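# Fold and geometry: a report
These are the residues of each chain, in order.
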Protein chains: 2
Amino acid sequence: MERTIVDYQGNRLEEKLQKILGNVESEGGTCPIRHILARFSDKWSTLSIFHLGDAGTLRFNELKKRIDGVSQRMLTVTLRTLERDGLVTRRIYPEIPPRVEYELTDLGRSLLVQIIELGDWASNHSKQIVEARKRFDAREHRAIDSTLV
Amino acid sequence: MERTIVDYQGNRLEEKLQKILGNVESEGGTCPIRHILARFSDKWSTLSIFHLGDAGTLRFNELKKRIDGVSQRMLTVTLRTLERDGLVTRRIYPEIPPRVEYELTDLGRSLLVQIIELGDWASNHSKQIVEARKRFDAREHRAIDSTLV
DNA sequence: CCGAATCCGCGTGGATACTG
DNA sequence: CAGTATCCACGCGGATTCGG
């Protein structure tokens, strides 16, 4: 049962990886990690978490202004899902006109820490990725999919 | 310009967050971070990276066996995309029957470190998320979407 | 101002069959 | 074994309209 050691950062990575792979499908009847990871796969969740982490508290339209290109519907759906998962709180003020404020929960902030690191990685390596794509496209094929650029 | 300090881990999080938000749309003509993050959003990329990181080198069908439910087509597409982004190498042995081996690049391994941390977070908090969902569903609505469970 | 509801185009991704 | 090619269902998500 030989394996490649990925523990080159001395941070129990190998152990964590084993745990993750063991829980990919289902974790003792709870939700498979796959579904949780999928939550950050959708188009707007991470951006919402970033902006709420940055601003602290935001009203619906304030958040909408900050997220370029999001539709009203998708922002609503996204925030509801985040609320349901316990990552965001939604506070309603029964005024006229109505006011609704969103904020990260403690759980949401703990997630923020993780995706900041991921975003930081993306930010630091985007140039390498773009160059790899250029080489790939020049070498063999025309772009697999022009929408990937 | 008051802001919520997210630097509660003493790890320059606030600074990183600013950088990320500044590069969300486009980073000096390169690829927006959004598109890079979207790469880990698709259903099979992270799982492929996890398993390649775990095993080191895998042939196509070895990897396919490890990823439960992936179709041949989607694994091919996923691996091509990862190869194009410079995250995975694809080595072809001109034999009969053909043999193709996949392996993470250095760039891929540096990404692996990040998504292991994310997966570890998901693994450690999945129970909290599931409980939050139960509370939410019991409180106000019936499940927003039964597929989310 | 903050949504809910409806309609619908389009891309993702599964199933199947076929090649080198 | 490791793909490609084709067909097609389904659901994401945009546009629009209506409500509290």
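Whatever comes next refers back to the structure up there.
Notes on the structure follow. Keep in mind that this is a model prediction, so the values were computed, not measured.

What counts and what doesn't
- Residues numbered from 1 in each chain as written.
- Chains lettered and ligands numbered in written order.
- Predicted model: local features only at pLDDT ≥ 70, side-chain atom pairs only at ≥ 80, totals over all residues.
- Heavy atoms only, no water.
- Helix = DSSP H or I, 4+ residues; strand = E, 2+ residues; numbered from the N terminus.
- Buried < 20%, exposed > 50% of the residue type's maximum accessible area, 1.4 Å probe, protein only.
- Contact = heavy atoms within 4.5 Å.
- Salt bridge = Lys/Arg side-chain N within 4 Å of Asp/Glu carboxyl O.
- Buried area = accessible area lost by both parts, 1.4 Å probe.
- Nonpolar A, V, L, I, M, F, W, Y, C, P; charged D, E, K, R; others polar.
- Near = heavy atom within 4 Å.
- Polar contact = N/O pair within 3.5 Å; in protein donor to acceptor, adjacent residues only side chain to side chain.
- Least-squares fit on C-alpha atoms with pLDDT ≥ 70 in both.
- Axes fitted to C-alpha atoms, helices over the stretch in contact; angles between N-to-C directions.
- Parallel < 35°, antiparallel > 145°, perpendicular 65-115°, else oblique.

### Remarks on the overall build of chain A
Looking only at helices and strands, chain A has six helices and three strands in total. Helices and strands appear in chain A in the N-to-C order α-α-α-β-α-α-β-β-α. Counting the 149 residues in chain A, one finds 50% classified as buried. Taking contacts inside chain A between residues at least 6 apart in sequence as the whole, the part at least 24 apart equals 36%.

### Considering the pattern of salt bridges
Taken as a whole and assessed by the stated rule, the structure comprises 20 salt bridges over all chains. Between A:Arg99 and A:Glu101 there is a salt bridge, with the nearest N and O atoms lying 3.0 Å from each other. Accessibility expressed as a relative area gives 15% for A:Glu101, which makes it buried. Residue A:Asp137 is joined to B:Arg84 by a salt bridge in which the shortest nitrogen-to-oxygen separation is 2.5 Å.

### Examining the interface of chain B and chain A
With 76 residues of chain B at the contact, the number on the chain A side is 75 residues. Summing the contributions of chain B and of chain A, the shared interface buries around 7,200 Å²; its carbon and sulfur component is 64%. Where chain B meets chain A, there are eight salt bridges. For the salt bridge of A:Asp85 with B:Arg133, the shortest nitrogen-to-oxygen distance reads 2.5 Å. Sorting the residues of the side of chain B that touches chain A by element identifies helix 1 (13-22), helix 2 (33-39), helix 3 (45-55), helix 5 (72-84) and helix 6 (106-139) of chain B as the ones contributing at least two each. Tallying contributions element by element places helix 6 of chain B first for the side of chain B that touches chain A, with 26 residues. Here the side of chain B that touches chain A is built from residues that sort into 34 nonpolar, 21 polar and 21 charged.

### Here we look at the protein's contact with DNA strand D
Within the structure, DNA strand D sits among 17 residues, and A:Arg73, A:Met74, B:Gln72, B:Arg90 and B:Tyr102 are positioned closest to it. Atoms of DNA strand D within 4 Å of the protein belong to the sugar or the phosphate in 64% of instances, the rest to bases. Within the side chain of A:Ser71, one N or O atom sits 3.2 Å away from a phosphate oxygen of DNA strand D. One nitrogen or oxygen atom from the main chain of B:Asn61 is found 3.0 Å from a phosphate oxygen belonging to DNA strand D. Elements represented by at least two residues in the surface near DNA strand D include exactly helix 5 (72-84) of chain A together with helix 4 (60-66), helix 5 and strand 3 (99-104) of chain B. Looking at the surface near DNA strand D element by element, the count peaks at three residues for helix 5 of chain B. The residue makeup of the surface near DNA strand D, split by class, is eight nonpolar, four polar and five charged.

### Some thoughts on the protein's contact with DNA strand C
Around DNA strand C sit 18 residues in total, of which A:Gln72, A:Arg90, A:Tyr102, B:Arg73 and B:Met74 are the nearest. Protein-adjacent atoms of DNA strand C, using a 4 Å cutoff, are sugar or phosphate at a proportion of 66%. Within the side chain of A:Asn61, one N or O atom sits 3.0 Å away from a phosphate oxygen of DNA strand C. For DNA strand C, a sugar or linking oxygen lies 3.5 Å from a polar atom in the backbone of A:Pro98. At the level of elements, helix 4 (60-66), helix 5 and strand 3 (99-104) of chain A together with helix 5 of chain B are the ones that each hand at least two residues to the surface near DNA strand C.

### Here we look at the relation of the copies chain B and chain A
Two copies of the chain are present, and they differ by a rotation about an axis and a shift along that axis. Once chain B has been moved 0.0 Å along the axis and rotated by 180°, it coincides with chain A to within an RMSD of 0.0 Å. Such a combination of rotation and displacement between the chain copies is what one expects of a two-fold axis. In terms of proximity to the rotation axis, the leading residue of chain B is B:Ser41, whose C-alpha is 1.7 Å off the axis. Interface overlap between copies: 99% of the residues of chain B at the interface are likewise at the interface in chain A, consistent with a symmetric, same-surface contact.

### Brief notes about the packing of helix 3 (residues 45-55) of chain A against helix 6 (residues 106-139) of chain A
Residues and elements named next belong to chain A. Contact pair helix 3 / helix 6: the axes reach a minimum separation of 10 Å and the direction vectors enclose 110°. On the basis of the axis angle, helix 3 is roughly perpendicular to helix 6. Packed against helix 3, whose contacting residues are Thr46, Ile49, Phe50 and Gly53, the element helix 6 presents Gly108, Leu111, Leu112, Ile115 and Ile116 at the interface. Split by residue class, the contact of helix 3 with helix 6 holds six nonpolar, three polar and no charged.

Scope: geometric values only; no functional claims are made or implied.
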